[in-house]
Amino acid sequence: MPKITHVLHVEMDLNKPVEELTQVISSVLSAHPDNQKEILAALDLEIGNARAAIEVQEQKDKSAQVE
């Protein structure tokens, strides 16, 4: 009996995170041509949240250094 799944197994070189992630995102988008806009919007939101969390932490670190 064949096993049919929609799973992408990824092995990444963490020394090249941007290039590797870009390829993974492109692969996922090509598998979902009708949902690319929604996928990219959700990724944009997650990236924005991560950047905001980093900025908050940087501000906390900066204010802790001043005290």
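Look up: the structure comes first, before these words.
These remarks concern the structure in this document. These numbers were taken from a predicted model, which means no experiment stands behind them.

### Notes on the packing of helix 1 (residues 17-31) against helix 2 (residues 36-66)
The description of two helices packed together rests on the angle between their axes and the distance between the axes.
Step number 1: Where helix 1 contacts helix 2, the two axes come as close as 9 Å, and the packing angle between them is 145°. The two elements helix 1 and helix 2 meet at a crossing, and its hand is right-handed. On the side of helix 1, the interface is formed by Ile25, Val28, Leu29 and Ser30, while helix 2 contributes Gln36, Ile39, Leu40 and Leu43.
Step number 2: Residues belonging to the contact of helix 1 with helix 2 are distributed by class as follows: six nonpolar, two polar and no charged.

### Some remarks on a nonpolar patch on the surface
Step number 1: On the surface, Leu8, Val10, Met12, Leu14, Leu21, Ile25, Val28, Leu40, Leu43 and Ile47 cluster together to form a nonpolar patch covering roughly 820 Å² of accessible area.
Step number 2: Looking at the nonpolar patch, the elements with two or more residues in it are helix 1 and helix 2.
Step number 3: Mapped onto the secondary structure, Ile25 falls in helix 1.

### Quick notes on the environment of His32
Step number 1: Mapped onto the secondary structure, His32 falls in the loop between helix 1 and helix 2.
Step number 2: Since its relative accessible area comes to 37%, His32 is described here as partly exposed.
Step number 3: A sequence separation of 11 residues divides His32 from Leu21, and the C-alpha atoms of the two residues are 17 Å apart.

The rules behind each value
- Residues numbered from 1 in each chain as written.
- Predicted model: local features only at pLDDT ≥ 70, side-chain atom pairs only at ≥ 80, totals over all residues.
- Heavy atoms only, no water.
- Axes fitted to C-alpha atoms, helices over the stretch in contact; angles between N-to-C directions.
- Helix = DSSP H or I, 4+ residues; strand = E, 2+ residues; numbered from the N terminus.
- Left-handed = near helix turned anticlockwise from the far one by under 90°.
- Contact = heavy atoms within 4.5 Å.
- Nonpolar A, V, L, I, M, F, W, Y, C, P; charged D, E, K, R; others polar.
- Patch = residues over 30% accessible without salt bridge, like charges linked within 9 Å, V, L, I, M, F, W, Y side chains within 5 Å.
- Areas by Shrake-Rupley, 256 points an atom, 1.4 Å probe, with all protein chains shown as cover.
- Salt bridge = Lys/Arg side-chain N within 4 Å of Asp/Glu carboxyl O.
- Buried < 20%, exposed > 50% of the residue type's maximum accessible area, 1.4 Å probe, protein only.

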